[in-house]
Amino acid sequence: MTEFIKKPELLAPAGDMERLKSAIRYGADAVYLGGTVFGMRAAPANFDEQQLCQAVAYAHERGVKVYLTCNVLPRNGELEFLPEFLRNAVKANVDALIISDMGVFEYAKKYAPGVEIHISTQTGIVNYAAANAFYNLGARRVVTARELSMKEIKELRDNIPEDMDIECFVHGAMCVSFSGRCLISNYLVNRDANKGECAQPCRWKYSLMEETRPGQYFPVYEGDGGTYILNSKDMCMIEHIPEMIKAGITSFKIEGRAKSDYYVSVVTNAYRKAIDGYFENPTDDYVPEQWILDEMRRVSYRDYCTGFFFGAPSDDANISYKGGYNREWDVVAVVDSYDNGVAYCTQRNRFFAGEELEVMPVGEKPFKVTVRNLKNADGEPIESTNHAMMRFSFECEIPLTENTILRKEREEKSRVII
């Protein structure tokens, strides 16, 4: 039995309303999202003032909390816009603001006094003295630096107030720089990582060139075509639920506000089942069912690691020596409705009549169905779903609920360069 048995919050990313709804549908206790400014992810659609109000209302109706990112490092000229942003957060009734800058912290206390403050991983919290200092200033949660080990997190937990939360990233992309503070993108392509515009140049392939020999590239290590020396593996901690709970982590955070709706659905669903499974059988050797672990490879992913949780990765530095993502499964459709033994769906990728598809139900083990009597929206028999976003139907003995995902395994596995 673990020493710290509080059930952790499952915190999922929401890059837009569709992904917010999916995170909630698949079991998130809370979501984090960004406005159109002052957030660390500029690529997703994010939420304007009206959309933020709608998102918070939707989440709260379902008992889910909403945390708004305000974790960029603003320059002087941007501060004049901050009070309005914070007032809008209050108006939307968000549950917390995620902040990294001390000036923003002070503004938040002034313009959003009733909103809880969470200290972003960008702040680089690595010790309990810093956590306590922020607690004394009014913060109620720290998102630890990703460079902390499980042992260090436990020490932090033992030396901060009981009502202060510890939030940790447990799944998703990792950054080559300490707590995400990086200048490479700004230097190479003038896109500031500390303002949410990172171009992820750490994922690019690099070679060494001697300046008097232009065009002659030498690999940094012995191999073909260069190296991805800055390219980190993805983190995956789903097999270590007991250790994380025992360390006192109170919020399990999934990275990925720029990831797809499908990614958010699959990963949130898997961690929900893993956490709930542990609390049904709270032993130190608990491991999720195999199908839950298999879900981690049904999304696009880089090779997995456990980050710094079990010590500094000095042997291999958690480097992914391949570019892009592993992609082994495709979403082929989403269910719109089900009636009298027929599933009505919208296409996402092409498939053929007679093929076997995998159904991903909410909170349950996936199962297979064979596509029979495939028809288009006009009720005409078809051999394949060969038009993007086309409506179609097929016979299915098992009732399928709205928004259920249908997918299939790729015949040839691939790597997607992103």
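Here is a short report on the structure shown in this document. Everything quoted here is computed from the prediction, not taken from an experiment.

## Things to note about the pairing of strand S11 (residues 251-254)
Link 1 in the chain: Of the two faces of S11, the one lined by Ser 251 and Lys 253 and the one lined by Phe 252 and Ile 254 are each fully buried.
Link 2 in the chain: Across three bridges, strand S1 (residues 9-13) lies against S11 in parallel orientation. By the bridge assignment, Leu 11 is partnered in S11 with Lys 253.
Link 3 in the chain: By the bridge criterion, four bridges tie strand S7 (residues 165-172) to S11 in an arrangement that is parallel. Following the sheet pairing, Cys 168 is matched in S11 by Phe 252.

## Digging into the packing of helix H2 (residues 49-61) against helix H3 (residues 82-92)
Link 1 in the chain: Where H2 contacts H3, the two axes come as close as 9 Å, and the packing angle between them is 30°. With respect to H3, the element H2 is oriented roughly parallel. Considering how the two elements wind past one another, H2 and H3 form a crossing that is right-handed. Of the residues in H3, those in contact with Glu 49, Leu 52, Cys 53 and Val 56 of H2 are Asn 88, Lys 91 and Ala 92.
Link 2 in the chain: Looking at side-chain class alone, the contact of H2 with H3 contains four nonpolar, one polar and two charged residues.

## Section: the packing of aromatic side chains
Link 1 in the chain: Summed over all chains, the structure comprises eight aromatic pairs.
Link 2 in the chain: Judged by centre distance (6.1 Å) and plane angle (35°), the ring pair of Phe 105 and Phe 134 falls under tilted. With Phe 105 in helix H4 (residues 102-111) and Phe 134 in helix H5 (residues 128-137), this pair connects stretches of sequence that are 29 residues apart.
Link 3 in the chain: Taking relative accessible area as the criterion, Phe 105 reaches 1% and is therefore assigned buried.
Link 4 in the chain: Ring geometry for Tyr 278 versus Tyr 286: centroids 5.7 Å apart, planes at 70°, classification edge-to-face.

## Structural notes on a nonpolar patch on the surface
Link 1 in the chain: On the surface, Leu 188, Val 189 and Trp 204 cluster together into a nonpolar patch covering about 250 Å² of accessible area.
Link 2 in the chain: Within the secondary structure, Val 189 sits in helix H7 (residues 184-189).
Link 3 in the chain: Val 189 sits in the partly exposed class, given a relative accessible area of 36%.

## Brief notes about the packing of helix H1 (residues 17-25) against H2
Link 1 in the chain: The geometry of H1 relative to H2 is characterised by a closest axis approach of 11 Å and an angle of 10° between their N-to-C directions. Judged by the inter-axis angle, H1 sits roughly parallel to H2. Each of Met 17, Leu 20, Lys 21 and Ile 24 in H1 lies in contact with H2, whose residues at this interface are Gln 54, Ala 55, Tyr 58 and Ala 59.

## Notes on unusual backbone geometry
Link 1 in the chain: Positive phi is not limited to glycine here, since Asn 93 has a value of about 70°.
Link 2 in the chain: By the element assignment, Asn 93 lies in the loop between H3 and strand S4 (96-99).
Link 3 in the chain: Among the residues examined, Asn 93 registers a relative accessible area of 46% and is labelled partly exposed.
Link 4 in the chain: A positive phi is found at Asn 340, a non-glycine position, where the angle reads about 50°.

## Points about the pattern of salt bridges
Should their charged atoms come close, side chains of opposite charge can pair.
Link 1 in the chain: Taken as a whole and assessed by the stated rule, the structure comprises 25 salt bridges.
Link 2 in the chain: With a shortest N-O distance of 3.3 Å, Lys 408 and Glu 355 are connected by a salt bridge. Of this pair, Lys 408 sits in strand S19 (residues 405-416) while Glu 355 sits in the loop between strand S14 (342-347) and strand S15 (356-360), and the two are 53 residues apart along the sequence.
Link 3 in the chain: Accessibility expressed as a relative area gives 18% for Lys 408, which makes it buried.
Link 4 in the chain: Across the salt bridge formed by Glu 358 and Lys 368, the nearest N and O atoms sit 3.5 Å from each other.

## A word on helix H6 (residues 150-158)
Link 1 in the chain: All of the buried residues in H6 are Met 150, Ile 153, Leu 156 and Arg 157. The buried residues of H6 all sit within an arc of 120° when viewed along its axis, so they share a single face.
Link 2 in the chain: On its buried face, H6 is in contact with H5, S7 and helix H8 (241-246).

## Overview of the pairing of S15
Link 1 in the chain: Buried residues dominate S15, accounting for four of its five residues.
Link 2 in the chain: Across four bridges, S15 lies against strand S16 (residues 367-370) in antiparallel orientation. Within S16, the residue paired with Leu 357 across the bridge is Val 369.
Link 3 in the chain: Where S15 folds back onto S16 in an antiparallel hairpin, the turn is made up of six residues, including Gly 363, whose phi is positive at roughly 70°.

## Digging into the nonpolar core
Link 1 in the chain: With 87 residues, the main nonpolar core has Leu 20, Val 31, Leu 33, Leu 97, Ile 238, Ile 241 and Tyr 271 as its most contacted residues.
Link 2 in the chain: Here the element with the most residues in this core is helix H9 (residues 261-280); it accounts for ten residues.
Link 3 in the chain: Beyond its immediate sequence surroundings of up to four residues, Leu 20 is in contact with Ala 14, Val 31, Leu 33, Phe 47, Ala 55 and Tyr 58.
Link 4 in the chain: Residues Val 335, Phe 351, Val 369 and Leu 406 belong to the second largest nonpolar core, which totals 18 residues.

Quick notes on the rules
- Residues numbered from 1 in each chain as written.
- Predicted model: local features only at pLDDT ≥ 70, side-chain atom pairs only at ≥ 80, totals over all residues.
- Heavy atoms only, no water.
- Buried < 20%, exposed > 50% of the residue type's maximum accessible area, 1.4 Å probe, protein only.
- Helix = DSSP H or I, 4+ residues; strand = E, 2+ residues; numbered from the N terminus.
- Pairing = 2+ DSSP bridges.
- Axes fitted to C-alpha atoms, helices over the stretch in contact; angles between N-to-C directions.
- Parallel < 35°, antiparallel > 145°, perpendicular 65-115°, else oblique.
- Left-handed = near helix turned anticlockwise from the far one by under 90°.
- Contact = heavy atoms within 4.5 Å.
- Nonpolar A, V, L, I, M, F, W, Y, C, P; charged D, E, K, R; others polar.
- Phe/Tyr/Trp six-rings, centres within 6.5 Å; stacked < 30°, edge-to-face > 60°.
- Patch = residues over 30% accessible without salt bridge, like charges linked within 9 Å, V, L, I, M, F, W, Y side chains within 5 Å.
- Areas by Shrake-Rupley, 256 points an atom, 1.4 Å probe, with all protein chains shown as cover.
- Salt bridge = Lys/Arg side-chain N within 4 Å of Asp/Glu carboxyl O.
- Arc of directions from axis to C-beta.
- Core = buried A, V, L, I, M, F, W, Y, C linked by side-chain atoms within 4.5 Å.

Read these as layout, nothing more, since geometry by itself doesn't imply function.
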